[in-house]
Amino acid sequence: MAGLLTSTLTSGIVDPTNIAMVMLLFGIMILIAIAVYIYISFAYMRLGERVKLKSPGLAWIPGFGPAIIAYKSSKMSARPWWMLLWAFVAFFVGMIFLLLGKLIASASTALYIVGGIILVAAAILAIYYSVHNYIWSWKLFKKVGRAGWWALIPLFSLPFILIGLIPGAYTISIIIEYAIYLWFMVMVGIAAWGNPKKG
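Bear in mind that the values here come from a model prediction, so they are computed numbers and not experimental data.

**Student:** Please set out the overall build of the protein chain residue by residue, giving values where relevant.
**Tutor:** Summing up its helical and strand segments, the protein chain has seven helices and zero strands in all. The secondary structure elements of the protein chain, listed N-terminal to C-terminal, are α-α-α-α-α-α-α. A compact globule built from 199 residues should have a C-alpha radius of gyration of about 16 Å, whereas the protein chain, at 21 Å, is more than 25% larger. Across its three principal directions, the C-alpha atoms of the protein chain cover 60 × 50 × 30 Å. Looking at the protein chain as a whole, 32% of its 199 residues qualify as buried. Of all intrachain contacts in the protein chain linking residues separated by at least 6 positions in sequence, the fraction that spans at least 24 positions is 55%.

See the structure below:
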């Protein structure tokens with residue numbers, strides 16, 4: 001898709017075939033994203049029902065629904081949610097400092113340093129939240145009679161994200177990453193609708 005768009009833009013000639021292909025691929029991607037959202041929301045709503053949460057419908061909150069279900073089922077501290085909020089705030093503040101560094105030449109170095117430090121803090125806070133998210137998910141899978149390590153399946157894609165930076169390895173790394181996410185979705189479905197394991 002990126003290649004089609006790039007060739008259309010760099011050639012200076014608008015090729016209707018390329019534009020149509022890009023639009024078609026973009027439409028397919030949107031449909032897949034909607035299908036994944038609906039599937040994951042239904043699955044986590046079912047998981048919420050299985051652990052007897054009062055509001056399993058929270059699973060439908062875009063982006064955060066599954067994490068909310070996992071958090072509520074774990075009955076752990078809400079502190080990581082505050083860390084995530086501060087991570088967003090720090091990210092935007094850090095980006096403002098970097099932008100100011102680009103605009104104000106006389107103080108650019110100092111602004112870049114401050115902006116960089118704030119962005120590092122944002123990353124640390126986001127990692128803190130992510131670690132807790134995996135802990136919540138681990139506990140959720142255990143509560144429905146499944147292996148807790150299922151929550152860690154998305155982490156298996158991390159090496160392939162790095163491999164994708166190697167010239168020529170991008171396509172295969174993307175295919176493997178999507179296969180890992182598909183594997184995770186299947187396991188979430190099994191946890192949601194399958195019969196829990198005995199003992």
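**Student:** Which residues make up the environment of alanine 126, and what values go with them?
**Tutor:** One can find alanine 126 in helix H5 (residues 108-143). With a relative accessible area of 29%, alanine 126 lands in the partly exposed category. On a C-alpha basis, the gap between alanine 126 and valine 186 in space is 26 Å, while along the polypeptide they are 60 residues apart.

**Student:** Which residues make up unusual backbone geometry, and what values go with them?
**Tutor:** Phi at lysine 52 takes a positive value of approximately 65°, unusual for a residue other than glycine. With a phi angle near 55°, lysine 75 is a residue other than glycine that sits in the positive phi range. As for its position among the elements, lysine 75 is in the loop between helix H3 (65-74) and helix H4 (79-103). Given the relative accessible area of 66%, lysine 75 is considered exposed.

**Student:** Let's hear about the packing of H4 against H5: which residues, and what values?
**Tutor:** Where H4 meets H5, the closest approach of the two axes is 7 Å, and the angle between their N-to-C directions is 160°. With respect to their mutual orientation, H4 and H5 come out roughly antiparallel. In this structure, H4 meets H5 at a crossing whose hand is left-handed. Here the contact of H4 with H5 is built from residues that sort into 24 nonpolar, six polar and two charged.

**Student:** Lay out the nonpolar core with the relevant residues and their values.
**Tutor:** Counting 28 residues, the largest nonpolar core has Tyr44, Leu47, Leu140, Phe141 and Val188 as its most contacted members. Listing elements by their share of this core, those giving two or more residues are helix H2 (16-50), H3, H5 and helix H7 (170-193). It is H7 that contributes the most residues to this core, seven residues altogether. Aside from chain neighbours lying at most four places away, what touches phenylalanine 141 is Arg146, Ala147, Gly148, Trp150, Ala151, Phe184, Met187, Val188 and Ala191.

**Student:** Tell me about the packing of aromatic side chains, residues and numbers included.
**Tutor:** In this structure the tally under the stated criterion is 14 aromatic pairs. With a centroid separation of 5.5 Å and 75° between ring planes, the pair formed by phenylalanine 91 and phenylalanine 92 is classed as edge-to-face. Here phenylalanine 91 falls in the partly exposed class, since its relative accessible area comes to 38%. Through a chain of ring-to-ring contacts, the aromatic side chains of Phe64, Tyr71, Trp81, Tyr129 and Trp136 assemble into a single cluster.

What counts and what doesn't
- Residues numbered from 1 in each chain as written.
- Predicted model: local features only at pLDDT ≥ 70, side-chain atom pairs only at ≥ 80, totals over all residues.
- Heavy atoms only, no water.
- Helix = DSSP H or I, 4+ residues; strand = E, 2+ residues; numbered from the N terminus.
- Rg over C-alpha atoms; globule rule 2.2 N^0.38 Å.
- Buried < 20%, exposed > 50% of the residue type's maximum accessible area, 1.4 Å probe, protein only.
- Contact = heavy atoms within 4.5 Å.
- Axes fitted to C-alpha atoms, helices over the stretch in contact; angles between N-to-C directions.
- Parallel < 35°, antiparallel > 145°, perpendicular 65-115°, else oblique.
- Left-handed = near helix turned anticlockwise from the far one by under 90°.
- Nonpolar A, V, L, I, M, F, W, Y, C, P; charged D, E, K, R; others polar.
- Core = buried A, V, L, I, M, F, W, Y, C linked by side-chain atoms within 4.5 Å.
- Phe/Tyr/Trp six-rings, centres within 6.5 Å; stacked < 30°, edge-to-face > 60°.

Fair warning: the whole summary comes from geometry, so function is off the table for now.
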